[in-house]
Amino acid sequence: MRACRPGKAGRLALLAAGLGLLSACGLFASLDPAPGPVAIGPADSLAGLEAKAARVVPSERQLRWQALEFQAFIHFGMNTFTDREWGEGTEDPELFNPTDFSADQWVEAVKAAGIRGLIVTAKHHDGFCLWPSRFTKHSVKSSPWRGGKGDVVGEVAAACRKGGLAFGVYLSPWDRHEPTYGDSPKYNEHFKSQLRELLTQYGEISEVWFDGACGEGPNGKKQVYDWPGYFALIRELQPDAVISIMGPDARWIGNEAGVTRESEWSVIPVVGQDDAPSETNPGGIAGLDAQAPDLGSMARIAEVAKRGGRLLWYPGQVDVSIRPGWFYHAAEDDRVKPLDQLLDIYYTSVGGNAQLLLNIPPDKRGRIHENDVRRLKELGDRLRATFAVNLAADGSSEWSGKGAKDAGPDPAGPGSGDDREIAGTYGFDRPKLFNVAMIRENIRFGQRVEAFALDAWDGKDWREIARGTTVGYQKLLRFPTVETDRVRLRILKARGQVSPILPPAGFGLFMDPSRLSLPAR
Ligand code: FUL
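Here the structure is a predicted model, which means the values were calculated and not measured.

## Some remarks on the nonpolar core
Right, so step 1: Among the nonpolar cores identified, the biggest contains 98 residues, and Phe-96, Val-152, Phe-167, Leu-195 and Phe-210 are the most heavily contacted of them.
Right, so step 2: Composition of this core by domain shows at least three residues from each of domain 1 (69-257 + 317-387) and domain 2 (389-514).
Right, so step 3: Apart from the residues lying within four places of it in its own chain, the contact partners of Val-152 are Phe-76, Phe-96, Phe-101, Trp-106, Leu-130, Val-140 and Trp-145.
Right, so step 4: Counting residues in hydrophobic clusters, the runner-up holds 28 residues, among them Ala-437, Val-449, Ala-466 and Val-498.

What follows is the structure, given as structure tokens:
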């Protein structure tokens with residue numbers, strides 16, 4: 001077996017520079033990667049649509065966001081003290097009084113799980129602000145906590161910075177306290193003023209999370225949100241911040257149970273040309289049903305093309321709580337999700353081309369409860385034990401078949417057409433024992449794999465140990481323990497070329513020691 005040392009980064013840089021020059025001359029314009037939307041319409045053939053889908057790539061801010069992989073969601077606020085999930089907006093600020101608040105304890109607890117970012121509910125639907133906003137009295141400044149001088153958002157931002165976590169804010173557009181809510185222009189100004197405070201007073205904000213929930217009934221208040229105005233303000237003040245859910249950068253996975261699709265696509269077709277979110281269909285921008293079972297197959301792309309629309313890079317985020325509720329309830333202290341369930345969620349989200357946003361609600365002390373702290377540490381210990389050593393890192397690898405060159409931004413060419421099976425073979429000088437595999441596409445060049453299979457050499461023949469559909473940012477596979485000195489990854493179906501998937505960054509084999517006893521198949 002031949003050792004493969006492709007010097008990939010350098011070659012890709014040259015390739016990208018070359019294509020840049022060619023496209024500047026107009027020669028390669030149609031093959032450029034497209035960080036923005038790509039229009040699709042009824043005139044596009046299936047092959048044309050496939051080539052377009054292969055060109056769609058993430059923005060730099062989406063790339064950074066995806067690499068966070070696993071973030072903490074922190075629901076903390078008035079509901080923590082009233083034992084509710086949705087406040088009415090009439091709660092007395094006197095009730096907000098954490099007795100032993102520690103943002104450093106939150107950061108330490110979530111870092112133990114391997115979490116890389118944190119998003120705090122700066123304002124939930126009840127309108128109570130965790131920072132001393134100048135635009136309402138309904139905030140920490142009217143509470144007894146720290147004599148009305150406290151600022152939860154400020155302390156959490158500082159603790160995240162100190163602890164090396166990305167810091168994001170959840171700001172509920174629906175506000176049950178604010179009197180201007182429903183007087184659309186006035187509330188929009190109010191909301192933008194609050195956004196401006198959050199975006200200018202707390203350093204770098206990595207993500208702004210806009211919740212789509214609104215419980216106003218048919219006789220309730222009707223607020224027409226100025227989404228373009230909100231987005232423009234965020235882009236102006238924090239250009240690197242990802243706008244999630246009711247925003248253009250990351251979509252809701254479609255449920256709050258931690259479930260991803262078998263085929264999770266980041267290249268998503270949406271009907272129409274409007275980035276503003278749909279209020280009748282919360283969870284993403286207009287033209288997308290975030291809960292639909294199929295968001296990105298070629299059949300779905302063709303269906304949207306018939307009506308006219310766009311292809312977007314719009315990756316999924318999985319928000320799920322470690323307990324039944326989003327906010328802390330003492331009655332749920334014994335209902336922290338078991339480790340195995342959290343691991344399943346981790347493997348299917350972080351390992352299923354999505355980002356995991358795990359909610360951990362601090363208690364009335366303002367600390368993460370001991371039971372949750374313990375579970376987070378167990379989760380982190382297990383992940384660290386599994387992923388400490390990439391067993392494929394010291395092997396040799398060979399990438400063969402029609403796509404056996406860096407695909408770059410060109411989706412056509414070798415590897416395209418009907419016969420496009422390509423394979424990577426990874427060999428080791430001695431047998432390895434493993435039960436987890438990692439596969440990654442280089443998403444800078446888009447998401448292209450539609451089906452793959454993983455084989456192990458049993459001494460006489462190849463034996464399939466796993467198969468799947470999409471890969472995207474990362475696919476993690478679990479299977480009974482295998483011992484072999486050779487594995488093979490076959491790409492069975494792809495939208496054009498696929499860059500070689502090489503260890504250690506693109507391909508990995510790992511051993512989860514707690515599952516060592518599972519028999520080899
Ligand atoms: C929902 C909200 O209504 C819940 O209270 C929670 O914040 C969840 C993350 O989103 O839409």
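From this point, the narrative continues.
## What to know about the packing of aromatic side chains
Right, so step 1: Counting across every chain of the model gives 32 aromatic pairs.
Right, so step 2: Measuring from centroid to centroid gives 5.7 Å for Phe-76 and Phe-96, while their planes differ by 65 degrees, and the two rings are edge-to-face. With Phe-76 in the loop between β2 (70-74) and α4 (78-82) and Phe-96 in the loop between α4 and α5 (103-111), this residue pair connects regions lying 20 residues apart in the sequence.
Right, so step 3: Relative to Phe-387, the ring of Tyr-347 lies with its centre 6.2 Å away and its plane at 35 degrees, an arrangement referred to as tilted. A residue pair is termed long-range when its members are at least 10 positions apart, and Tyr-347 in helix α10 (residues 339-349) and Phe-387 in helix α11 (residues 370-387) qualify at 40 residues.
Right, so step 4: The exposure class assigned to Tyr-347 is buried, which follows from its relative accessible area of 3%.
Right, so step 5: With a relative accessible area of 23%, Phe-387 lands in the partly exposed category.
Right, so step 6: Members of the aromatic cluster, each reached through a chain of ring pairs, are Tyr-181, Tyr-187, Phe-191, Phe-210, Tyr-225, Trp-227, Tyr-230 and Phe-231.

## Thoughts on the environment of Asn-435
Right, so step 1: By secondary structure assignment, the location of Asn-435 is in strand β13 (residues 422-439).
Right, so step 2: Taking relative accessible area as the criterion, Asn-435 reaches 0% and is therefore assigned buried.
Right, so step 3: On a C-alpha basis, the gap between Asn-435 and Thr-386 in space is 9.4 Å, while along the polypeptide they are 49 residues apart.

## Thoughts on the pairing of strand β14 (residues 449-457)
Right, so step 1: With respect to burial, β14 is a largely interior element, nine of its nine residues being buried.
Right, so step 2: As judged from the six bridges shared by β14 and strand β15 (residues 462-468), these two strands associate in the antiparallel manner. Bridging from a neighbouring strand, Asp-455 pairs with Glu-464 of β15.
Right, so step 3: Connecting β14 to the antiparallel partner β15 that follows it, the hairpin turn spans four residues, and Gly-459 within it adopts a positive phi of roughly 105 degrees.

## Regarding the site of the ligand
Right, so step 1: In the neighbourhood of the ligand, the contacting residues comprise Phe-73, His-75, Trp-86, His-124, His-125, Tyr-170, Asp-211, Ala-213, Glu-256, Asp-319 and Trp-326.
Right, so step 2: One of the side-chain N or O atoms of His-124 is found 2.9 Å from an oxygen atom in the ligand.
Right, so step 3: Within the side chain of Asp-211, an N or O atom sits 2.7 Å from an oxygen atom of the ligand.
Right, so step 4: In the complex, the protein chains occlude 90% of the 290 Å² of accessible area that the ligand would expose alone.
Right, so step 5: In terms of residue class, the shell around the ligand is built from five nonpolar, three polar and three charged.

Parameters at a glance
- Residues numbered from 1 in each chain as written.
- Predicted model: local features only at pLDDT ≥ 70, side-chain atom pairs only at ≥ 80, totals over all residues.
- Heavy atoms only, no water.
- Core = buried A, V, L, I, M, F, W, Y, C linked by side-chain atoms within 4.5 Å.
- Buried < 20%, exposed > 50% of the residue type's maximum accessible area, 1.4 Å probe, protein only.
- Domains from an automatic or database assignment.
- Contact = heavy atoms within 4.5 Å.
- Phe/Tyr/Trp six-rings, centres within 6.5 Å; stacked < 30°, edge-to-face > 60°.
- Helix = DSSP H or I, 4+ residues; strand = E, 2+ residues; numbered from the N terminus.
- Pairing = 2+ DSSP bridges.
- Near = heavy atom within 4 Å.
- Polar contact = N/O pair within 3.5 Å; in protein donor to acceptor, adjacent residues only side chain to side chain.
- Areas by Shrake-Rupley, 256 points an atom, 1.4 Å probe, with all protein chains shown as cover.
- Nonpolar A, V, L, I, M, F, W, Y, C, P; charged D, E, K, R; others polar.

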